Amino acid sequence: MAWMLLGIAGLLEIVFSFSMKASDGFTRLTPALCTVASGLASVVLLSLALRTLPMGTGYAVWTGIGAAGSAIVGMALLGDPAAPLRLLCIALILAGVIGLKLAPGA
């Protein structure tokens, strides 16, 4: 259950970053409200997951999902560059997230 909550929290981090970009510096109401709501929900779910997951593992996985997911969304939807080195770095982030999930004691 904790891993599921953490995964949802990570996905909400992606929504958070996309909404923040769409809010245009919090000058557009609907995306700004989505930014606040998704950010708050993400942190709440992270805190619930951390009841049972190790803090370092949970936080690293949460930020990894958010960072890699936001970079992928930026490339797919916002025209961010998809240079080979960027893609390699995203793959390394995801490999780290998977490694933390599979590590003993996680």
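Scroll up to find the structure this text is about.
Now for a quick tour of the structure.

The next point concerns a nonpolar patch on the surface. Judged by side-chain polarity, Met-1, Met-4 and Ile-8 come together as a nonpolar surface patch covering roughly 340 Å² of accessible area. Residue position: Met-4 is located in helix α1 (residues 2–22).

Quick look at the packing of aromatic side chains now. As enumerated under the stated definition, the model contains 1 aromatic pair in all. With centroids separated by 5.5 Å and ring planes inclined at 50°, the aromatic side chains of Tyr-59 and Trp-62 adopt a geometry described as tilted. One end of the pair, Tyr-59, and the other, Trp-62, are both in helix α3 (residues 55–77), 3 residues apart, so they sit about a helical turn from each other. Above the face of the Trp-3 ring, Lys-101 is positioned so that its terminal group lies 4.8 Å from the ring centre.

A few words now on the environment of Val-97. Note that Val-97 resides in helix α4 (residues 84–102). Taking C-alpha positions, Val-97 is 25 Å from Gly-79, a pair spaced 18 residues apart along the chain. Residues contacting Val-97, with those up to four places away along its chain left out, are Ala-60, Val-61, Gly-64 and Ile-65.

Attention shifts here to the side chain of Ser-38. Tracing the sequence through the fold places Ser-38 in helix α2 (residues 29–49). We classify Ser-38 as buried; its relative accessible area is 5%. For Ser-38, the side chain forms a polar contact with the main-chain oxygen of Thr-35, separated by 3.3 Å. Discounting residues that sit within four places of it in the chain, Ser-38 has contacts with Leu-12, Val-15 and Phe-16.

Right, let's talk about the environment of Ile-72 for a bit. As for its placement among the helices and strands, Ile-72 is situated in helix α3. C-alpha of Ile-72 to C-alpha of Arg-86: the two residues are 14 residues apart in sequence and 9.8 Å apart in space.

As a further point, take α1. With 21 residues, α1 ought to run about 30 Å at 1.5 Å a step, and its terminal C-alpha atoms sit 30 Å apart, in line with that. Taken residue by residue, α1 has Ala-2, Leu-5, Leu-6, Ala-9, Gly-10, Glu-13, Ile-14 and Ser-19 as its buried positions. Buried-residue contacts for α1 involve α2 and α3. Within two residues after α1, Asp-24 carries a phi angle of roughly 55°, on the positive side.

Relative orientation of the contacting elements α1 and α2 amounts to 160°, with a least axis distance of 8 Å. Accordingly, the angle class assigned to the pair α1 and α2 is roughly antiparallel. Here α1 runs over α2; the crossing is left-handed. Here Ala-2, Leu-5, Leu-6, Ile-8, Ala-9, Leu-12, Glu-13, Val-15, Phe-16, Ser-19, Met-20 and Ala-22 of α1 lie close against α2, whose contacting residues are Pro-31, Cys-34, Thr-35, Ser-38, Gly-39, Ala-41, Ser-42, Leu-45, Leu-46, Leu-48 and Ala-49. Across the contact of α1 with α2, the residue classes tally to 17 nonpolar, 5 polar and 1 charged.

Thresholds applied
- Residues numbered from 1 in each chain as written.
- Predicted model: local features only at pLDDT ≥ 70, side-chain atom pairs only at ≥ 80, totals over all residues.
- Heavy atoms only, no water.
- Patch = residues over 30% accessible without salt bridge, like charges linked within 9 Å, V, L, I, M, F, W, Y side chains within 5 Å.
- Areas by Shrake-Rupley, 256 points an atom, 1.4 Å probe, with all protein chains shown as cover.
- Salt bridge = Lys/Arg side-chain N within 4 Å of Asp/Glu carboxyl O.
- Helix = DSSP H or I, 4+ residues; strand = E, 2+ residues; numbered from the N terminus.
- Phe/Tyr/Trp six-rings, centres within 6.5 Å; stacked < 30°, edge-to-face > 60°.
- Lys NZ or Arg CZ within 6 Å of the ring centre and 35° of its normal.
- Contact = heavy atoms within 4.5 Å.
- Buried < 20%, exposed > 50% of the residue type's maximum accessible area, 1.4 Å probe, protein only.
- Polar contact = N/O pair within 3.5 Å; in protein donor to acceptor, adjacent residues only side chain to side chain.
- Expected span 1.5 Å × (residues − 1).
- Axes fitted to C-alpha atoms, helices over the stretch in contact; angles between N-to-C directions.
- Parallel < 35°, antiparallel > 145°, perpendicular 65-115°, else oblique.
- Left-handed = near helix turned anticlockwise from the far one by under 90°.
- Nonpolar A, V, L, I, M, F, W, Y, C, P; charged D, E, K, R; others polar.

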